[in-house]
Amino acid sequence: MSKQIRQLDRVVIRFAGDSGDGMQLTGDRFTSETAQLGNDISTLPNFPAEIRAPAGTLPGVSSFQVHFADYDILTPGDSPNVLVAMNPAALKANLVDLPRGADIIVNTDEFTKRNLAKVGYATSPLDDDSLDGYAVHPVALTSMTVGALAEHAISKKDAERAKNMFALGLLSWMYSRPYESTIRFLERKFAKRPELVAANIAAFRAGWNFGETTEDFAVRYEVKPAKMQPGTYRNITGNAALSLGLVAAGVRSGLPVFLGAYPITPASDILHELSKHKRFGVTTMQAEDEIAAVGAALGASYGGALGITTTSGPGVALKGETISLAVALELPLVIVDVQRAGPSTGMPTKTEQADLNMALFGRHGEAPVAVVAPKSPADCFHAALEAARIALTYRTPVILLSDNYVANGSEPWLLPDVDSLPDLRVEFATEPNGDNGAFLPYLRDPVTLARPWAIPGTPGLEHRIGGLEKADKTGDISYDPANHDFMVRTRAARIETIPVPDVEVEDPDGDARVLVLGWGSTYGPIGAACRALRQRGLSIAQAHLRHLAPMPANLGQVLRSYDRVVIPEMNLGQLAHVIRATYLVDAIGYNQVRGLPFTAAELETTLEEVLKNV
Amino acid sequence: MSEPVALKLTAKDFKSDQEVRWCPGCGDYAILAAVQQFMPELNIPRERIVFVSGIGCSSRFPYYMNTYGMHSIHGRAPAIASGLSVSRPDLSVWVVTGDGDALSIGGNHLIHALRRNVNLKILLFNNRIYGLTKGQYSPTSEVGKITKSTPAGSADAPFNPISLALGAEASFVGRTIDSDRKHLQSVLRAAAEHEGSAFVEIYQNCNIFNDGAFEQLKDPGVRDDHLIRLEHGQPITFGKDGEYCVVHPPGGFGLEVRPTAETPAEQIVVHDAGVTDPAYAFALSRLPGLDLRNTPIGVFRSVRRPTYDSVVQQQVADATAAQTETPEQQLAGLLASGDTWTIV
């Protein structure tokens, strides 16, 4: 039976199930197959903080959304075209995001009386009219998987667990995905248990063949490859890209990388990743707490390493005193904050941008640091290198503000040529720099204002540094009022005068009167909203900040060139506050703290309102 | 870490140009002089020695040593020194701390540095009081201590630093006294020779806020009745004429002090710092009472186990030794790992 093939330009699929159903893995595999095909991709995992919430309940639902297209896309998509619901909880939790007409594939085996009752369904939504308007495909995923694996010498439990591969096979058929990478993946994953390799591949093929034969799926879809810049790509999450950026910073600086970290969601994956790269001279230390983690990193920097600590908001709060010490010691230090929804424990697996104030101002005394934020998963690589560059060149702590959305989301990454990456080599002090062979640890470079980095082991440069105020040049303890005033201003100037690239404005029509200013992970949704408005003939300009401290030199001029400036943020207006105070610009905030990224549609609506009233 | 060539350094070489600013009569002066005099013995070039401290009177120590040094923040010296020591195995890293710094605000870092057996020499100056903040009780102050913050007497029980260090799996634990230079240097020597964390408690007099806290251990008239000088391989006896001894009573868990005259010689415990079971050193640490009677000084415990530094460095060394490519080539390979695709 040959089926009709329909061309689509873009599709959004959401895989949803119980925490134990393997939905993240299923989504990852589908993404990888899609990447092989050459579509542009953006993904959004969404999972609970609980490792295994009670089975079949709403809090236990885990989902993975993938958006793929034959053109370049900026977000994981506002609403799914297809929902794969492995149980009633997954259906109930995700239905709200589904537009009418969407496809819903449900695992009917899980729609039992008991499972329905768990989530408050009095009757099965498959039997009443509550799914009218959707294209519902009831599939007995579990029993068909078990049936397909009857000949395999595995337990019933293992057979049932392979149902996610059945689902993946079905979806891979529906969207004509190349599946070789999934076969290879299964061979690697279960290398030690060949019977599971065979069973999972069989389940995948059963799902594929089911699509091919059942009459329920009359149409098969294709999404042609996107026109992308030539080169070699891989799909990468923000946390992985950030880790590789830090490894690259070690290679390009020639310095050993030292990571001090304490496990915290959603930053732990960076610790996991870096601990695998010892061959690059990377040392990782899982410290006893957040304070020790940054302390050890600072100690390593003092000894001549690139000291790094990775954490999330609660950890940055604990590290504040040590970051202030690093400000006083004027040593390189990279602090990675993968932001999550706060305050306190908040929603640890959900995203937010509410640590900007803490990054800029969250220390005692006048303690300025540089702040850099990546705009997308792949950009985390380059942002990490930029943070390391500033830290090493200007001998300062740098806070790298990632967030859960870019950290766990993924997109295709055009692999850079290693030789084109910035040269981060530094020179340690080797000779006395004062009269009569004296060493002055706080005699500054006139251009960078950085002090010499004289590491222990260097003969003749023995010196003492500390948190007490230091006299200019000599670094001796000083309580002199004029000296303190001078040192405070100098530390501020050190950050303010770091040269950072000008902010670029995207205004293809050239006549926009409204500027949208963003920072960090909102780049995608803002960009998608601006594109949508422009396609409708409206003019709007977009600018995005990578450097939050210091800010680009041209920013004030850019802001004043527009009648209105709108700043969407996943907080209650932290950047807007800084912009208003610094540039006296009457910026309008658009703020949302739901633990989820903005949708392009809501930003489009909001910005259209602004355009109407300007 | 001994050098083949004698460096011919003297105590003077370890004095920095900074004016020492402790109160006149402070026990810290004696410790500083003892350390400066001891340092040449290490025969390590000054540039390879680093003193890291926290906050408190004792933590000003690094400013006065003509080595590399960092005066850091309250309680965090062991953490900072751990990062330095792990990444720079060529250095001799010393931590100077106090009872408040190490046992209150920095308690977590102290126990974890000891647990890991990081190659640090940790000198804890214990004066049983907060000096720099002008006289509040500390975690080693006796119960009922009347201070500015406890006018009705403190309510909390003190730590026994030696017991704490042993509980934290310390591989080297010693105690000495600020005023006994010879003994102090003998313990420093043993600590310096130890591979791994060496924890040394130094009883130190604060003549302003807690004067005479350890007087019974210093007064020539009574000190011999109080001090137990531990000597490896020697029976533990003390008193002016060795009239007291330490025994392990059958059926008991700990050690006790008995009159030597009434004790058969074979029942007197022979000190062995290398006993694997920390219970022995722990029992020693429990001998003294509040009146400082039966206070052991010397090396309680000195056992060998792998240092955190060496294990971590070995992992990195093994991983890097296997590489034949340049770091840039390796990096290009790493970036392109996983599923890739090419667009032409």
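Residues take numbers from 1 onward in each chain, read along the sequence in its written order. By the order in which they are written, chains take letters starting at A while ligands take numbers starting at 1. Under the rules for a predicted model, residues below a pLDDT of 70 receive no local features and side-chain atom pairs below 80 are neither given nor counted, while totals for whole chains, interfaces and linings still include all residues.

For chain B, the name recorded in an unreviewed UniProt entry is 2-oxoacid:ferredoxin oxidoreductase subunit beta, with Micromonospora rosaria as its organism.

Per an unreviewed UniProt entry, chain A carries the name 2-oxoglutarate ferredoxin oxidoreductase subunit alpha and comes from Micromonospora rosaria.

Draft legend 1. Quick peek at the overall build of chain A. Secondary structure counts use DSSP, requiring at least four H or I residues in a row for a helix and at least two E residues in a row for a strand, with both numbered from the N terminus. In terms of helices and strands, chain A carries 20 helices and 23 strands. Taken against the 2.2 N^0.38 rule, which gives 25 Å for 614 residues, the C-alpha radius of gyration of chain A at 27 Å falls within 12% of a compact globule. Its C-alpha atoms put chain A at 90 × 60 × 45 Å along the principal axes. Expressed as a percentage of the 614 residues in chain A, the buried residues total 54%. Note that contacts rest on C-beta atoms placed from the backbone: two residues are in contact if these are within 7 Å. When contacts within chain A are restricted to residue pairs at least 6 apart in sequence, long-range pairs at least 24 apart make up 76% of them. We take the radius of gyration over the C-alpha atoms and set the globule estimate at 2.2 Å times the residue count to the 0.38 power. Buried means a residue has 20 or more other C-beta atoms within 10 Å of its own C-beta, exposed means 12 or fewer, and partly exposed covers the counts in between; C-beta atoms are placed from the backbone.

Draft legend 2. Spatial organisation of the domain arrangement of chain B. Residues and elements named next belong to chain B. Per the annotation, domain bounds derive from an automatic or database assignment of domains. The domain boundaries assigned to chain B delineate domain 1 (1-213) and domain 2 (222-306). The distance between the C-alpha centroids of domain 1 and domain 2 comes to 24 Å. Tallying the contact residues gives 20 residues for domain 1 and 17 residues for domain 2. Counting only elements with at least two residues in the side of domain 1 that touches domain 2, the list comes to helix H5 (161-167), strand S5 (172-177) and helix H6 (181-193). In terms of residue count, the dominant contributor to the side of domain 1 that touches domain 2 is S5 (6 residues).

Draft legend 3. The arrangement of the nonpolar core in detail. Residues and elements named next belong to chain A. Defined on buried residues, the nonpolar core groups Ala, Val, Leu, Ile, Met, Phe, Trp, Tyr and Cys residues joined through C-beta atoms within 7 Å. Ranked by internal contacts, the top residues of the largest apolar core, which has 260 residues, are Ala-384, Ala-388 and Leu-400. In terms of residue count, helix H14 (residues 379-394) provides more of this core than any other element does, 11 residues in total. Among residues more than four places away in sequence, those in contact with Ala-388 are Leu-246, Ala-249, Ser-253, Leu-306, Val-334 and Leu-424.

Draft legend 4. Just the packing of helix H9 (residues 238-253) of chain A against H14 of chain A, in detail. All names here are of chain A. The angle between two axes is taken between their N-to-C directions and runs from 0 to 180 degrees, where each axis is a line fitted to C-alpha atoms and a helix contributes only its stretch in contact. Between H9 and H14, the shortest axis-to-axis distance is 7 Å and the interhelical angle comes to 40 degrees. Taken as axis vectors, H9 and H14 run oblique relative to one another. The handedness of the crossing between H9 and H14 comes out as right-handed. For the pair H9 and H14, the contacting residues are Gly-238, Ala-241, Leu-242, Leu-244, Gly-245, Leu-246, Ala-248, Ala-249 and Ser-253 in the first and Cys-380, Phe-381, His-382, Ala-383, Ala-384, Leu-385, Ala-388 and Leu-392 in the second. By the convention adopted, Pro, Cys, Tyr, Trp, Phe, Met, Ile, Leu, Val and Ala count as nonpolar, Lys, Arg, Asp and Glu as charged, and the other residues, Gly among them, as polar. The residue makeup of the contact of H9 with H14, split by class, is 13 nonpolar, 4 polar and no charged. By definition in this entry, angles of less than 35 degrees are roughly parallel, angles greater than 145 are roughly antiparallel, angles of 65 to 115 are roughly perpendicular, and the rest are oblique. Note on convention: the crossing is left-handed when the near helix lies turned anticlockwise from the far helix by less than a right angle, right-handed when the turn is clockwise.

Draft legend 5. Seen up close, the domain arrangement of chain A. Residues and elements named next belong to chain A. In terms of domain boundaries, chain A breaks down into domain 1 (4-223), domain 2 (234-420), domain 3 (427-499) and domain 4 (505-613). Between the C-alpha centres of domain 2 and domain 4 the distance comes to 26 Å. Opposite the 24 residues of domain 2 that make contact, domain 4 presents 20 residues. Mapped onto the side of domain 2 that touches domain 4, the elements with two or more residues apiece are helix H13 (356-361), strand S14 (370-372), strand S15 (397-403) and helix H15 (404-408). For the side of domain 2 that touches domain 4, the residue count by class is 16 nonpolar, 4 polar and 4 charged.

Draft legend 6. Seen up close, the pairing of strand S3 (residues 40-46) of chain A. Residue and element names in this part refer to chain A. In terms of burial, S3 is largely enclosed, as 7 of its 7 residues are buried. Neither face of S3 is left uncovered, since the one carrying Asp-40, Ser-42, Leu-44 and Asn-46 and the one carrying Ile-41, Thr-43 and Pro-45 both have all their residues buried. Pairing analysis gives 7 bridges linking S3 to strand S4 (residues 61-69), with the strands arranged antiparallel. Pairing of Ser-42 across the sheet is with His-67, part of S4. Strand pairing is assigned whenever DSSP detects at least two bridges linking the two strands.

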